[in-house]
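Take a look at the letters that make up each chain.
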Amino acid sequence: ATVQCGVKGRACSAAILPKDGFFELIVVSPGEALSEGAIPIQSIQFIEKPTLAIVEDDLPTLNQLADQLFDAFRPVKFDSAHALIEALQKAHNFNAILMDWRLPDMDGEQLIKEIREHSKVPICILTKDVTASKAIARAFANGNVDHVSKPAEPDILAARIQMAIKNSGLFA
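The residue count restarts for each chain, going from 1 along the sequence in the order it is written. Given that the model is predicted, a residue must reach a pLDDT of at least 70 before its local features are reported, and side-chain atom pairs must reach 80 or more before they are shown or counted; all residues, however, enter totals for whole chains, interfaces and linings. Remark: hydrogens and water are excluded; side-chain values derive from all non-hydrogen atoms of the structure.

**Concerning the overall build of the protein**
Stage number 1. Every helix listed is a DSSP run of H or I at least four residues long, and every strand listed is a run of E at least two residues long, numbered separately from the N terminus. Secondary structure summary: the protein contains five helices and eleven strands in total.
Stage number 2. Contacts are assigned to residue pairs with any non-hydrogen atoms lying within 4.5 Å of each other. Nonlocal contacts in the protein, meaning residues at least 24 apart in sequence, comprise 57% of its contacts between residues at least 6 apart.
Stage number 3. Calculation of accessible area relied on Shrake-Rupley with a 1.4 Å probe; when residues are assessed, cover is drawn exclusively from the protein chains displayed. Carbon and sulfur atoms form 54% of the exposed surface of the protein, whose accessible area is close to 10,500 Å².

Structure representation (structure tokens):
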């Protein structure tokens, strides 16, 4: 959230109070003294981040990707293709999907076909498998599909996914 702090001499109807490692939003009545440590505020703007489904069977890699992309997205982690498909069937709304190409429960081509039965969101394929280039090239025919090689540089990966979301025209 972007917070506009109180300006000296201007009325403030709220404050944030540090509490247990978090911040509590408190109402401040006109003329009321602020609690010690409270920060007066005039406005708060909540910035919505795109939701990114990340499908990766290697748990350390899955957690690392979620951590690296957290500043740009709200990551939702899946450790299998079937878990993602189940979420899509329950109408989860993702802005994009980042998927490992080689998953133990489903190959990349099949997963993209399954995703496309439920969603037209941008898909970014992540792989270190250089032998899959022809299959990945065929996957581009499904539309709104991109590819990044592992290991991916996080800032470039985030930028490519953000651009895919913007160019998809699916989200305002």
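**Focus on helix H2 (residues 81-89)**
Stage number 1. Here H2 has its buried residues at Ala81, Leu84, Ile85, Ala87 and Leu88. Along the axis of H2, the buried residues cluster in a sector spanning 160°; they form a single face.
Stage number 2. Packed against the buried residues of H2 are strand S5 (51-55), strand S6 (74-78), strand S7 (96-100), strand S8 (102-103), strand S9 (106-107) and helix H3 (108-118).
Stage number 3. Directly after H2, the chain includes Ala91, whose backbone phi takes a positive value near 65°. Each residue's exposure class comes from its accessible area (1.4 Å probe, protein chains only) as a fraction of the maximum for that residue type: buried when under 20%, exposed when over 50%, partly exposed otherwise. The directions from the helix axis to the C-beta atoms form the arc being described.

**Considerations on the packing of H2 against H3**
Stage number 1. Between N-to-C directions, angles cover 0 to 180 degrees, with each direction set by a line fitted to C-alpha atoms, over the stretch in contact for helices. The geometry of H2 relative to H3 is characterised by a closest axis approach of 9 Å and an angle of 10° between their N-to-C directions. If you check the angle between H2 and H3, you find them roughly parallel. Mapping the contact onto sequence places Ala81, Leu84, Ile85, Leu88 and Gln89 in H2 and Leu111, Glu114, Ile115 and His118 in H3.
Stage number 2. Residues that form the contact of H2 with H3 fall into these classes: six nonpolar, two polar and one charged. What sets the label is the angle itself: under 35 degrees gives roughly parallel, over 145 gives roughly antiparallel, 65 to 115 gives roughly perpendicular, and the rest give oblique. Gly falls in the polar group here, along with every residue not listed as nonpolar (Ala, Val, Leu, Ile, Met, Phe, Trp, Tyr, Cys, Pro) or charged (Asp, Glu, Lys, Arg).

**Examining the sheet that holds strand S11 (residues 145-149)**
Stage number 1. Any two strands with at least two DSSP bridges between them are considered paired. An order of S6-S5-S7-S10-S11 is seen for the five strands of this open sheet, with the pairing classed as parallel. Either end of the sheet is taken by a strand with one partner, and the two such strands are S6 and S11. Going from strand to strand, the sheet's axes swing by 20° on average, the running direction of each strand aside.
Stage number 2. Bridge count for S7 against strand S10 (residues 123-127) is four bridges, and the pairing is parallel. By the bridge assignment for S10, Asp100 is matched with Leu126.

**Quick look at unusual backbone geometry**
Trans peptide bonds make up most of the peptide bonds, and negative phi angles are found at most residues other than glycine.
Stage number 1. Omega for the bond connecting Lys150 with Pro151 falls within 30 degrees of zero, at -10°, which places this linkage in the cis form.
Stage number 2. With respect to the helices and strands, the residue Pro151 is situated in the loop between S11 and helix H5 (154-168).

**Some thoughts on helix H1 (residues 59-69)**
Stage number 1. Every buried residue belonging to H1 is among Leu62, Leu65, Ala66 and Leu69, and all of these are buried. Along the axis of H1, the buried residues cluster in a sector spanning 95°; they form a single face. Facing away from the buried surface of H1 by more than 90 degrees, the exposed residues are Pro60 and Asp67.
Stage number 2. On its buried face, H1 sits against S5, S6, S7, S10 and H5.

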